Amino acid sequence: MTIIVTGGAGFIGSNFIFHMLDAHPEDRIVCLDKLTYAGNLSTLRDVMDRPNFRFVRLDICDREGVYRLFEEEHPDIVVNFAAESHVDRSIEDPSVFLQTNIIGTSVLMDACRKYGIGRFHQVGTDEVYGDLPLDRPDLFFTEETPIRTSSPYSSSKAGADLLVMAYHRTFGLPVTVSRCSNNYGPYQFPEKLIPLMIANCLNDKPLPVYGEGLNVRDWLYVEDHCKAIDLILRKGRVGEVYNIGGHNEMRNIDIVKLICRALDKPESLITHVTDRKGHDMRYAIDPAKIHRELGWLPETKFEDGIRRTIAWYLEHRDWWQEIISGEYQNYYEKMYGNRGTV
Ligand code: NAD
Ligand code: TDX
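Residues numbered from 1 in each chain as written. Chains lettered and ligands numbered in written order. Predicted model: local features only at pLDDT ≥ 70, side-chain atom pairs only at ≥ 80, totals over all residues. Heavy atoms only, no water.

Near ligand 1 you find 28 residues, and of these Ile-12, Asp-33, Ser-85, Tyr-153 and Lys-157 are the closest. In this structure, an oxygen atom belonging to ligand 1 sits 2.7 Å away from a side-chain N or O atom of Lys-157. Protein chains shield 97% of the accessible area of ligand 1, which is 840 Å² for the free molecule. Of all the secondary-structure elements, those providing two or more residues to the shell around ligand 1 are helix 1 (11-23), strand 5 (119-125) and helix 5 (152-171). No other element matches strand 5, which puts 3 residues into the shell around ligand 1. Tallied by class, the residues present in the shell around ligand 1 amount to 13 nonpolar, 11 polar and 4 charged. (Near = heavy atom within 4 Å. Polar contact = N/O pair within 3.5 Å; in protein donor to acceptor, adjacent residues only side chain to side chain. Areas by Shrake-Rupley, 256 points an atom, 1.4 Å probe, with all protein chains shown as cover. Helix = DSSP H or I, 4+ residues; strand = E, 2+ residues; numbered from the N terminus. Nonpolar A, V, L, I, M, F, W, Y, C, P; charged D, E, K, R; others polar.)

Right under this line is the structure:
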(Lines give C-alpha, C1' and ligand atoms only; values in the text may rest on other atoms or scores of the structure.)
(Ligands and ions follow the chains in the order given, each with its own letter.)
Protein backbone atom coordinates (compact mmCIF):
# COMPACT_ATOMS: atom_id res chain seq x y z
CA MET A 1 0.00 0.00 0.00
CA THR A 2 1.03 3.58 -0.55
CA ILE A 3 0.09 5.91 2.29
CA ILE A 4 0.32 9.69 2.05
CA VAL A 5 0.99 11.19 5.47
CA THR A 6 0.48 14.95 5.53
CA GLY A 7 2.17 17.01 8.24
CA GLY A 8 4.71 14.23 8.75
CA ALA A 9 7.54 16.64 9.65
CA GLY A 10 5.60 17.74 12.74
CA PHE A 11 5.25 16.14 16.15
CA ILE A 12 2.59 13.43 15.81
CA GLY A 13 2.99 12.92 12.05
CA SER A 14 6.70 12.10 12.39
CA ASN A 15 6.04 9.69 15.25
CA PHE A 16 3.34 8.09 13.09
CA ILE A 17 5.79 7.67 10.19
CA PHE A 18 8.33 5.99 12.49
CA HIS A 19 5.63 3.68 13.80
CA MET A 20 4.35 2.76 10.33
CA LEU A 21 7.80 2.12 8.83
CA ASP A 22 8.55 -0.23 11.74
CA ALA A 23 5.17 -1.94 11.96
CA HIS A 24 4.45 -2.24 8.20
CA PRO A 25 7.74 -2.30 6.28
CA GLU A 26 5.83 -3.55 3.22
CA ASP A 27 4.00 -0.21 2.88
CA ARG A 28 5.31 2.87 1.10
CA ILE A 29 5.05 6.14 3.02
CA VAL A 30 4.95 9.47 1.21
CA CYS A 31 5.25 12.42 3.58
CA LEU A 32 3.74 15.66 2.31
CA ASP A 33 4.64 18.70 4.42
CA LYS A 34 4.88 22.44 3.83
CA LEU A 35 7.58 22.79 6.48
CA THR A 36 6.00 25.68 8.34
CA TYR A 37 7.66 26.90 11.54
CA ALA A 38 6.36 23.64 13.12
CA GLY A 39 7.81 21.27 10.50
CA ASN A 40 11.37 20.10 10.86
CA LEU A 41 13.15 18.03 8.25
CA SER A 42 15.88 17.00 10.69
CA THR A 43 13.21 15.05 12.58
CA LEU A 44 12.93 12.72 9.57
CA ARG A 45 16.69 12.38 9.04
CA ASP A 46 16.87 8.72 10.06
CA VAL A 47 14.18 7.58 7.61
CA MET A 48 14.97 9.88 4.68
CA ASP A 49 17.02 7.27 2.80
CA ARG A 50 14.64 4.35 3.27
CA PRO A 51 13.59 2.98 -0.13
CA ASN A 52 9.92 2.91 0.90
CA PHE A 53 9.90 6.54 2.10
CA ARG A 54 9.57 9.77 0.14
CA PHE A 55 9.41 13.36 1.38
CA VAL A 56 7.66 16.04 -0.68
CA ARG A 57 7.59 19.68 0.35
CA LEU A 58 4.10 20.87 -0.48
CA ASP A 59 1.23 22.94 0.89
CA ILE A 60 -2.02 20.96 1.26
CA CYS A 61 -3.81 24.06 -0.03
CA ASP A 62 -1.85 23.88 -3.32
CA ARG A 63 -4.46 22.12 -5.46
CA GLU A 64 -2.29 21.64 -8.55
CA GLY A 65 0.63 20.32 -6.52
CA VAL A 66 -1.58 17.95 -4.55
CA TYR A 67 -3.26 16.61 -7.71
CA ARG A 68 0.15 16.09 -9.33
CA LEU A 69 1.34 14.11 -6.31
CA PHE A 70 -1.77 11.92 -6.38
CA GLU A 71 -1.22 11.28 -10.10
CA GLU A 72 2.36 10.18 -9.39
CA GLU A 73 1.72 8.12 -6.29
CA HIS A 74 -1.80 6.68 -6.62
CA PRO A 75 -2.14 6.52 -2.82
CA ASP A 76 -4.35 3.88 -1.20
CA ILE A 77 -4.69 5.86 2.02
CA VAL A 78 -4.27 9.49 3.06
CA VAL A 79 -3.77 10.37 6.73
CA ASN A 80 -4.13 14.09 7.33
CA PHE A 81 -2.04 15.41 10.21
CA ALA A 82 -1.17 18.70 8.47
CA ALA A 83 -2.58 21.58 10.46
CA GLU A 84 -1.87 24.73 12.32
CA SER A 85 -2.01 23.22 15.79
CA HIS A 86 -1.30 25.83 18.48
CA VAL A 87 -4.27 27.44 20.25
CA ASP A 88 -2.32 30.54 21.34
CA ARG A 89 -1.24 31.29 17.76
CA SER A 90 -4.86 30.96 16.60
CA ILE A 91 -5.85 33.64 19.10
CA GLU A 92 -3.21 35.97 17.62
CA ASP A 93 -4.16 35.29 13.98
CA PRO A 94 -6.95 32.89 13.00
CA SER A 95 -6.62 33.26 9.21
CA VAL A 96 -3.92 30.68 8.48
CA PHE A 97 -5.84 28.22 10.67
CA LEU A 98 -8.91 28.54 8.46
CA GLN A 99 -6.78 28.24 5.34
CA THR A 100 -4.77 25.15 6.24
CA ASN A 101 -7.16 23.33 8.54
CA ILE A 102 -10.35 23.79 6.51
CA ILE A 103 -9.43 24.67 2.91
CA GLY A 104 -6.39 22.36 2.93
CA THR A 105 -8.50 19.43 4.14
CA SER A 106 -11.03 20.03 1.37
CA VAL A 107 -8.28 20.14 -1.29
CA LEU A 108 -6.94 16.78 -0.08
CA MET A 109 -10.43 15.26 -0.18
CA ASP A 110 -11.06 16.67 -3.68
CA ALA A 111 -7.88 14.90 -4.78
CA CYS A 112 -9.13 11.71 -3.13
CA ARG A 113 -12.41 11.98 -5.04
CA LYS A 114 -10.67 12.72 -8.33
CA TYR A 115 -8.12 9.91 -8.20
CA GLY A 116 -9.95 7.40 -5.98
CA ILE A 117 -8.86 6.31 -2.53
CA GLY A 118 -9.27 3.42 -0.11
CA ARG A 119 -9.45 5.67 2.94
CA PHE A 120 -9.11 9.31 3.95
CA HIS A 121 -8.34 9.61 7.65
CA GLN A 122 -8.71 12.95 9.40
CA VAL A 123 -6.66 13.45 12.57
CA GLY A 124 -8.95 15.48 14.79
CA THR A 125 -8.91 16.76 18.32
CA ASP A 126 -11.00 16.50 21.49
CA GLU A 127 -11.03 20.31 21.55
CA VAL A 128 -13.98 20.26 19.12
CA TYR A 129 -16.18 19.22 22.06
CA GLY A 130 -15.41 22.42 24.01
CA ASP A 131 -14.66 21.92 27.69
CA LEU A 132 -16.08 20.26 30.78
CA PRO A 133 -16.55 21.80 34.23
CA LEU A 134 -14.01 20.94 36.95
CA ASP A 135 -16.77 20.03 39.43
CA ARG A 136 -18.27 17.26 37.25
CA PRO A 137 -15.60 14.54 37.12
CA ASP A 138 -18.33 12.12 36.02
CA LEU A 139 -18.61 13.83 32.59
CA PHE A 140 -16.54 12.73 29.55
CA PHE A 141 -16.51 13.50 25.82
CA THR A 142 -18.12 10.71 23.79
CA GLU A 143 -18.44 10.67 20.00
CA GLU A 144 -22.03 11.87 20.52
CA THR A 145 -21.03 14.98 22.51
CA PRO A 146 -22.12 18.08 20.55
CA ILE A 147 -19.46 20.12 18.79
CA ARG A 148 -19.03 23.33 20.82
CA THR A 149 -15.71 25.01 20.14
CA SER A 150 -13.89 27.71 22.10
CA SER A 151 -10.89 28.90 20.06
CA PRO A 152 -10.27 29.72 16.40
CA TYR A 153 -8.04 26.61 16.38
CA SER A 154 -10.73 24.24 17.62
CA SER A 155 -13.32 25.88 15.37
CA SER A 156 -11.14 25.32 12.32
CA LYS A 157 -10.60 21.68 13.31
CA ALA A 158 -14.36 21.27 13.83
CA GLY A 159 -14.97 22.81 10.40
CA ALA A 160 -12.62 20.24 8.90
CA ASP A 161 -14.32 17.34 10.72
CA LEU A 162 -17.74 18.49 9.50
CA LEU A 163 -16.48 18.74 5.93
CA VAL A 164 -15.00 15.24 6.15
CA MET A 165 -18.34 13.79 7.26
CA ALA A 166 -20.10 15.78 4.52
CA TYR A 167 -17.76 14.35 1.84
CA HIS A 168 -18.64 10.90 3.14
CA ARG A 169 -22.39 11.45 3.06
CA THR A 170 -22.56 13.51 -0.15
CA PHE A 171 -19.84 11.92 -2.27
CA GLY A 172 -19.43 8.54 -0.59
CA LEU A 173 -15.77 9.23 0.22
CA PRO A 174 -14.48 6.44 2.52
CA VAL A 175 -13.46 8.47 5.55
CA THR A 176 -12.68 7.98 9.23
CA VAL A 177 -12.10 10.65 11.86
CA SER A 178 -10.22 10.32 15.15
CA ARG A 179 -10.39 12.85 17.97
CA CYS A 180 -7.52 12.58 20.40
CA SER A 181 -6.68 14.19 23.72
CA ASN A 182 -3.40 16.04 24.44
CA ASN A 183 -0.32 14.19 23.22
CA TYR A 184 3.19 14.30 24.67
CA GLY A 185 6.46 12.65 23.69
CA PRO A 186 9.58 13.13 21.52
CA TYR A 187 9.72 15.81 18.80
CA GLN A 188 6.93 18.00 20.19
CA PHE A 189 7.50 21.64 19.28
CA PRO A 190 8.58 23.63 22.35
CA GLU A 191 5.63 26.03 22.16
CA LYS A 192 3.40 23.37 23.79
CA LEU A 193 3.12 23.00 27.57
CA ILE A 194 5.36 20.00 28.31
CA PRO A 195 8.34 20.69 26.01
CA LEU A 196 8.17 24.42 26.77
CA MET A 197 8.43 23.76 30.49
CA ILE A 198 11.25 21.23 30.01
CA ALA A 199 13.23 23.64 27.81
CA ASN A 200 12.69 26.58 30.18
CA CYS A 201 13.66 24.48 33.20
CA LEU A 202 16.86 23.38 31.51
CA ASN A 203 17.64 27.02 30.68
CA ASP A 204 16.68 28.18 34.22
CA LYS A 205 13.99 30.45 32.75
CA PRO A 206 10.61 31.29 34.36
CA LEU A 207 7.86 28.71 33.84
CA PRO A 208 4.79 30.64 32.60
CA VAL A 209 1.67 28.90 33.96
CA TYR A 210 -1.54 30.43 32.62
CA GLY A 211 -3.79 31.63 35.48
CA GLU A 212 -3.83 29.35 38.50
CA GLY A 213 -2.85 26.30 36.45
CA LEU A 214 -5.94 24.37 37.52
CA ASN A 215 -6.99 23.52 33.95
CA VAL A 216 -7.10 19.80 33.31
CA ARG A 217 -5.85 17.98 30.21
CA ASP A 218 -6.06 14.25 29.42
CA TRP A 219 -2.49 13.27 28.42
CA LEU A 220 -1.66 10.44 26.02
CA TYR A 221 1.79 9.24 24.98
CA VAL A 222 2.19 9.95 21.26
CA GLU A 223 3.04 6.34 20.35
CA ASP A 224 -0.32 5.18 21.73
CA HIS A 225 -2.08 7.74 19.53
CA CYS A 226 -0.15 6.49 16.47
CA LYS A 227 -1.07 2.87 17.20
CA ALA A 228 -4.73 3.86 17.52
CA ILE A 229 -4.72 5.57 14.11
CA ASP A 230 -3.00 2.55 12.54
CA LEU A 231 -5.76 0.35 13.98
CA ILE A 232 -8.51 2.64 12.68
CA LEU A 233 -6.96 2.52 9.19
CA ARG A 234 -6.96 -1.27 9.20
CA LYS A 235 -10.08 -2.16 11.17
CA GLY A 236 -12.13 1.01 11.69
CA ARG A 237 -15.56 1.37 10.17
CA VAL A 238 -15.87 3.87 7.31
CA GLY A 239 -17.92 6.97 8.16
CA GLU A 240 -17.18 6.66 11.88
CA VAL A 241 -15.60 8.95 14.45
CA TYR A 242 -13.33 7.42 17.13
CA ASN A 243 -12.32 9.22 20.31
CA ILE A 244 -8.79 8.43 21.55
CA GLY A 245 -7.69 9.05 25.13
CA GLY A 246 -6.31 7.23 28.11
CA HIS A 247 -8.17 8.48 31.20
CA ASN A 248 -5.08 10.33 32.34
CA GLU A 249 -6.32 13.70 33.55
CA MET A 250 -3.83 16.08 35.13
CA ARG A 251 -3.82 19.72 36.20
CA ASN A 252 -1.30 21.93 34.41
CA ILE A 253 0.28 23.05 37.67
CA ASP A 254 0.90 19.44 38.71
CA ILE A 255 2.60 18.68 35.38
CA VAL A 256 4.87 21.70 35.75
CA LYS A 257 5.78 20.78 39.34
CA LEU A 258 6.50 17.22 38.24
CA ILE A 259 8.87 18.50 35.53
CA CYS A 260 10.65 20.71 38.11
CA ARG A 261 11.13 17.71 40.40
CA ALA A 262 12.36 15.46 37.58
CA LEU A 263 14.94 18.03 36.50
CA ASP A 264 15.86 19.03 40.05
CA LYS A 265 14.82 22.65 39.51
CA PRO A 266 13.14 24.89 42.12
CA GLU A 267 9.39 25.48 41.97
CA SER A 268 10.22 29.15 42.44
CA LEU A 269 10.75 29.22 38.66
CA ILE A 270 6.94 28.90 38.29
CA THR A 271 5.35 32.23 37.33
CA HIS A 272 1.58 32.57 37.13
CA VAL A 273 0.85 34.72 34.08
CA THR A 274 -2.29 36.20 32.49
CA ASP A 275 -4.66 33.47 31.45
CA ARG A 276 -5.26 32.35 27.84
CA LYS A 277 -8.38 34.00 26.36
CA GLY A 278 -11.34 31.60 26.32
CA HIS A 279 -9.21 29.03 28.16
CA ASP A 280 -10.90 25.58 28.22
CA MET A 281 -11.11 24.20 31.79
CA ARG A 282 -11.11 20.46 31.37
CA TYR A 283 -10.80 17.90 28.57
CA ALA A 284 -11.60 14.26 29.26
CA ILE A 285 -12.14 11.59 26.62
CA ASP A 286 -14.32 8.52 26.93
CA PRO A 287 -12.42 5.99 24.78
CA ALA A 288 -15.00 3.19 25.21
CA LYS A 289 -15.88 2.97 21.50
CA ILE A 290 -12.36 2.40 20.17
CA HIS A 291 -11.74 -0.08 22.98
CA ARG A 292 -14.97 -1.97 22.35
CA GLU A 293 -14.80 -2.01 18.53
CA LEU A 294 -11.06 -2.20 17.85
CA GLY A 295 -9.61 -3.45 21.13
CA TRP A 296 -7.37 -0.37 21.55
CA LEU A 297 -6.02 0.51 24.97
CA PRO A 298 -3.16 2.88 25.83
CA GLU A 299 0.02 0.97 26.65
CA THR A 300 2.21 3.67 28.20
CA LYS A 301 1.64 4.73 31.79
CA PHE A 302 2.08 8.47 32.35
CA GLU A 303 4.99 7.97 34.81
CA ASP A 304 6.88 6.01 32.14
CA GLY A 305 5.91 8.24 29.23
CA ILE A 306 6.90 11.47 30.95
CA ARG A 307 10.20 9.94 32.12
CA ARG A 308 10.97 8.87 28.55
CA THR A 309 9.95 12.27 27.22
CA ILE A 310 12.13 14.22 29.65
CA ALA A 311 15.04 11.87 28.92
CA TRP A 312 14.51 12.45 25.18
CA TYR A 313 14.68 16.24 25.56
CA LEU A 314 17.82 15.86 27.67
CA GLU A 315 19.44 13.66 25.03
CA HIS A 316 18.31 15.77 22.06
CA ARG A 317 19.21 19.28 23.14
CA ASP A 318 20.47 20.06 19.62
CA TRP A 319 17.02 19.43 18.17
CA TRP A 320 15.17 21.92 20.39
CA GLN A 321 18.01 24.40 21.04
CA GLU A 322 18.21 24.93 17.29
CA ILE A 323 14.46 25.67 17.21
CA ILE A 324 14.37 28.03 20.16
CA SER A 325 17.39 30.00 18.99
CA GLY A 326 15.69 31.10 15.75
CA GLU A 327 12.36 32.78 14.91
CA TYR A 328 10.98 31.21 18.09
CA GLN A 329 12.65 34.03 20.06
CA ASN A 330 10.30 36.57 18.43
CA TYR A 331 7.33 34.31 19.07
CA TYR A 332 8.29 33.89 22.72
CA GLU A 333 8.78 37.62 23.23
CA LYS A 334 5.41 38.38 21.60
CA MET A 335 3.52 35.76 23.62
CA TYR A 336 5.23 36.04 26.98
CA GLY A 337 7.22 39.30 26.91
CA ASN A 338 4.42 41.62 27.99
CA ARG A 339 2.20 39.04 29.63
CA GLY A 340 1.28 40.28 33.10
CA THR A 341 1.74 38.09 36.15
CA VAL A 342 -1.16 37.09 38.41
P1 NAD B 1 2.54 20.17 14.64
O2 NAD B 1 2.22 21.62 14.68
O3 NAD B 1 3.68 19.65 15.45
O4 NAD B 1 2.82 19.72 13.14
C5 NAD B 1 2.04 20.15 12.06
C6 NAD B 1 2.76 19.79 10.76
O7 NAD B 1 1.92 20.18 9.66
C8 NAD B 1 4.10 20.52 10.57
O9 NAD B 1 5.07 19.62 10.09
C10 NAD B 1 3.78 21.58 9.51
O11 NAD B 1 4.89 21.91 8.70
C12 NAD B 1 2.69 20.88 8.70
N13 NAD B 1 1.81 21.84 8.00
C14 NAD B 1 1.20 22.93 8.52
N15 NAD B 1 0.50 23.56 7.57
C16 NAD B 1 0.66 22.84 6.42
C17 NAD B 1 0.16 22.97 5.10
N18 NAD B 1 -0.62 24.00 4.75
N19 NAD B 1 0.49 22.05 4.19
C20 NAD B 1 1.30 21.00 4.52
N21 NAD B 1 1.81 20.84 5.74
C22 NAD B 1 1.50 21.75 6.69
O23 NAD B 1 1.18 19.43 15.03
P24 NAD B 1 0.93 18.09 15.87
O25 NAD B 1 0.89 18.41 17.30
O26 NAD B 1 1.84 17.03 15.35
O27 NAD B 1 -0.57 17.77 15.42
C28 NAD B 1 -0.83 16.99 14.26
C29 NAD B 1 -2.32 16.86 14.08
O30 NAD B 1 -2.90 16.26 15.23
C31 NAD B 1 -3.04 18.20 13.92
O32 NAD B 1 -4.06 18.03 12.96
C33 NAD B 1 -3.63 18.48 15.29
O34 NAD B 1 -4.81 19.25 15.17
C35 NAD B 1 -3.94 17.07 15.75
N36 NAD B 1 -3.94 16.87 17.21
C37 NAD B 1 -2.87 17.24 17.97
C38 NAD B 1 -2.86 16.97 19.33
C39 NAD B 1 -1.68 17.35 20.21
O40 NAD B 1 -1.76 17.19 21.43
N41 NAD B 1 -0.58 17.82 19.67
C42 NAD B 1 -3.95 16.33 19.92
C43 NAD B 1 -5.03 15.96 19.12
C44 NAD B 1 -5.00 16.23 17.76
O1 TDX C 1 3.08 28.40 28.36
C2 TDX C 1 2.04 27.73 28.59
N3 TDX C 1 1.47 27.78 29.82
C4 TDX C 1 0.33 27.13 30.14
O5 TDX C 1 -0.16 27.21 31.28
C6 TDX C 1 1.41 26.90 27.57
C7 TDX C 1 2.01 26.81 26.21
C8 TDX C 1 0.27 26.25 27.92
N9 TDX C 1 -0.29 26.36 29.15
C10 TDX C 1 -1.53 25.62 29.45
C11 TDX C 1 -2.67 25.86 28.48
C12 TDX C 1 -3.39 24.53 28.50
O13 TDX C 1 -4.35 24.51 29.56
O14 TDX C 1 -1.23 24.23 29.35
C15 TDX C 1 -2.31 23.50 28.78
C16 TDX C 1 -1.82 22.79 27.53
O17 TDX C 1 -1.53 23.78 26.57
P18 TDX C 1 -1.01 23.42 25.10
O19 TDX C 1 0.21 22.58 25.22
O20 TDX C 1 -0.95 24.69 24.32
O21 TDX C 1 -2.17 22.46 24.57
P22 TDX C 1 -3.76 22.66 24.41
O23 TDX C 1 -4.13 24.07 24.30
O24 TDX C 1 -4.42 21.83 25.48
O25 TDX C 1 -3.96 21.97 22.95
C26 TDX C 1 -3.28 20.74 22.63
O27 TDX C 1 -4.13 19.64 22.73
C28 TDX C 1 -5.12 19.48 21.76
C29 TDX C 1 -2.65 20.80 21.24
O30 TDX C 1 -1.82 21.93 21.12
C31 TDX C 1 -3.70 20.79 20.16
O32 TDX C 1 -3.09 20.75 18.88
C33 TDX C 1 -4.56 19.57 20.36
O34 TDX C 1 -5.59 19.56 19.43
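Bringing the environment of Phe-18 into the picture now. In this fold, Phe-18 is placed in helix 1. C-alpha of Phe-18 to C-alpha of Glu-223: the two residues are 205 residues apart in sequence and 9.5 Å apart in space. Residues in contact with Phe-18, not counting those within four places in the same chain, are Thr-43, Leu-44, Val-47 and Tyr-187. (Contact = heavy atoms within 4.5 Å.)

Bringing the pattern of salt bridges into the picture now. Pairing between side chains becomes possible if they bear opposite charge and their charged atoms approach one another. For the structure on display, the rule yields 23 salt bridges. Among the salt bridges present, the one from Lys-34 reaches Asp-59, with a minimum N-O distance of 3.4 Å. Placement of Lys-34 in the loop between strand 2 (28-33) and strand 3 (53-57) and of Asp-59 in the loop between strand 3 and helix 2 (63-73) is noted, with a sequence separation of 25 residues between them. Taking the relative accessible area as the measure of exposure, Lys-34 reaches 38% and is therefore partly exposed. (Salt bridge = Lys/Arg side-chain N within 4 Å of Asp/Glu carboxyl O. Buried < 20%, exposed > 50% of the residue type's maximum accessible area, 1.4 Å probe, protein only.)

Another aspect to go through is the sheet that holds strand 6 (residues 175-180). The strands that make up a sheet pair up through hydrogen bonds in the backbone, lying either parallel or antiparallel. Ordered by their spatial adjacency, 7 strands build an open sheet running 3-2-1-4-5-6-11, and the pairing between neighbours is parallel. Looking at which strands have only one partner, the edges of the open sheet turn out to be strand 3 and strand 11 (241-244). Strand after strand, the sheet turns through a mean of 20° between neighbouring axes, direction not considered. Across 5 bridges, the pairing between strand 1 (residues 2-6) and strand 2 is parallel. Note on strand 2: the bridge partner recorded for Ile-4 is Val-30. Across the face of the sheet, helix 4 (residues 95-115) comes into contact with strand 1, strand 2, strand 4 (77-80) and strand 5 while running at roughly 165° to strand 5. In this fold helix 5 packs onto strand 5, strand 6 and strand 11, with an angle of close to 155° to the strand it touches most, strand 5. (Pairing = 2+ DSSP bridges. Axes fitted to C-alpha atoms, helices over the stretch in contact; angles between N-to-C directions.)

With that settled, the discussion passes to the nonpolar core. Ile-194, Ile-198, Leu-207 and Ile-259 are the most contacted members of the largest nonpolar core, which totals 39 residues. Counting only elements with at least two residues in this core, the list comes to helix 6 (193-202), strand 8 (207-210), helix 8 (252-262), strand 13 (270-273), helix 10 (302-315), helix 11 (317-324) and helix 12 (328-337). Top contributing element to this core by residue count: helix 6, with 7 residues. Among all residues touching Ile-198, those that are not within four sequence positions of it are Ile-259, Leu-263, Thr-309, Ile-310 and Tyr-313. Ile-12, Ile-17, Leu-44 and Phe-81 belong to the second-largest nonpolar core, a separate cluster that totals 33 residues. (Core = buried A, V, L, I, M, F, W, Y, C linked by side-chain atoms within 4.5 Å.)

Along its 13 residues, helix 1 runs 19 Å from first to last C-alpha, staying within 8% of the 18 Å computed at 1.5 Å per residue. Of all 13 residues in helix 1, 10 are buried, a share of seventy percent or more. All of the buried residues in helix 1 are Phe-11, Ile-12, Gly-13, Ser-14, Asn-15, Phe-16, Ile-17, His-19, Met-20 and Leu-21. Among the structural elements, strand 1, strand 2, strand 3, strand 4, strand 7 (183-184) and helix 7 (222-235) are those in contact with the buried residues of helix 1. (Expected span 1.5 Å × (residues − 1).)

Close contacts around ligand 2 come from 22 residues, with Glu-127, Tyr-153, Arg-276, His-279 and Tyr-336 the closest. Within the side chain of Asn-252, a nitrogen or oxygen atom sits 2.8 Å from an oxygen atom of ligand 2. At a separation of 2.6 Å, an oxygen atom of ligand 2 approaches a polar side-chain atom of Arg-276. Alone, ligand 2 offers 650 Å² of accessible surface; in the complex the protein occludes 94% of this.

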